[in-house]
Amino acid sequence: MRRILLSSLWLALTAVAVWGADAAVTESSTGKSFPVSRRVATDAGEIEVACVGTGVRTKLVIKVYALGFYVEEAYRQKVRPGWQKQAPTIDRLQETPAFFDSLLRDAYVRQFELQFVREVEADKIQDAFGEGIADNLPEMKSNPQVAADARRFIGWFKNTARENDRLVITIAADGTITAHQNQTELGRLKNPVLARGVTGIWLGRKCISDSLKEGLVTRFYR
């Protein structure tokens, strides 16, 4: 099976959306902008993903990065009516643990785009990602392959993130995880279980920030 394409082809397809789109979603506290939608090249062809929310990661009240969360548009259209029946408003949706559990479990293309507002050392990024995965993925203790792949994933982030750097983590429907820092691919691996753990960093029951988690789905019904 061919792997998700996120090298030069992916960058070419998304460059207009990332850096030249007219319609954008702005994270208000940092002023960082994210395109409303973009297209990602996958094994199944180009997939449209939509920004369903943004937020800001803070550490001791210091802003670290703005985050945009992208969801495969076809998936969002498919599941939205059902969730609107259960949770008619975004406020209700944000209070529905089963909804966030489905975002971890379901098979769909998703992206997390981090735009840094300050310099962050590599070891701090690695520690944050490692803790987030471990907190949200019990399989880390019982599945050696998941633990090994988690170490590989965390090892990708060996470079300091400078102010205005962009870190994009893409997860394909088959559980292939790819990361880019600006225009450089950091790594690629396939592990659907680990994909849940990576998603859980921001959307899990023990996520890195509850307020950030809520912000990442504010546009889910649009």
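What comes next is a walk through the structure. Predicted model, so just to flag it, every value in this text is computed and none were measured.

Our focus in this paragraph is the sheet that holds strand β3 (residues 37-42). The sheet built from 7 strands is open, its strands ordered β3-β4-β5-β6-β7-β8-β9 with antiparallel pairing. Both edges of this open sheet fall to β3 and β9 (184-190), since each of them pairs with a single strand only. Within this sheet the neighbouring strands show an average axis-to-axis angle of 25°, counted without direction. Note that strand β5 (residues 62-72) and strand β6 (residues 110-116) share 7 bridges and pair antiparallel. The residue of β6 that forms the bridge with G68 is E113. With respect to the sheet, helix α2 (residues 73-86) is in contact with β4 (45-59) and β5, its orientation differing from that of β5 by roughly 75°.

Moving on, we get to the packing of helix α5 (residues 122-136) against helix α7 (residues 192-203). Where α5 contacts α7, the axes come no closer than 8 Å and their chain directions differ by 110°. By the angle between their axes, α5 is roughly perpendicular relative to α7. Judged by the sense of rotation from one axis to the other, the crossing of α5 with α7 is right-handed. Where α5 approaches α7, its residues F129, G132, I133 and N136 are matched on the opposing element by L194, G197, V198, G200, I201 and W202. When its residues are assigned to classes, the contact of α5 with α7 shows 6 nonpolar, 4 polar and no charged.

The next point concerns unusual backbone geometry. Across the chain, the bulk of peptide bonds are trans and the bulk of non-glycine residues have phi less than zero. Positive phi is not limited to glycine here, since N164 has a value of about 80°. Within the secondary structure layout, N164 lies in the loop between α6 (144-155) and β7 (166-171).

What counts, and where the lines are drawn
Residues take numbers from 1 onward in each chain, read along the sequence in its written order. Owing to the predicted nature of the model, reporting of local features is limited to residues with pLDDT of at least 70; listing and counting of side-chain atom pairs is limited to 80 or more, with chain, interface and lining totals taken over all residues. Neither water nor hydrogens contribute to the side-chain values; these are computed over all heavy atoms in the structure. By the convention used here, strands pair only if DSSP detects at least 2 bridges between them. What counts as a helix is a DSSP run of H or I of at least four residues, what counts as a strand is a run of E of at least two, and both are numbered from the N terminus. Axis definition: a line fit to C-alpha positions, over the contact stretch in the case of helices; interaxial angles, taken between N-to-C directions, run 0 to 180 degrees. Pairs of residues are marked as contacts when any of their non-hydrogen atoms sit within 4.5 Å. Any angle that is under 35 degrees is reported as roughly parallel, and any over 145 degrees as roughly antiparallel; angles of 65 to 115 degrees are reported as roughly perpendicular and all others as oblique. By convention the crossing between two helices is left-handed if the near helix lies anticlockwise of the far one by an angle smaller than a right angle, and right-handed if it lies clockwise. Throughout, the ten residues Ala, Val, Leu, Ile, Met, Phe, Trp, Tyr, Cys and Pro are labelled nonpolar, Asp, Glu, Lys and Arg are labelled charged, and all others, Gly among them, are labelled polar.

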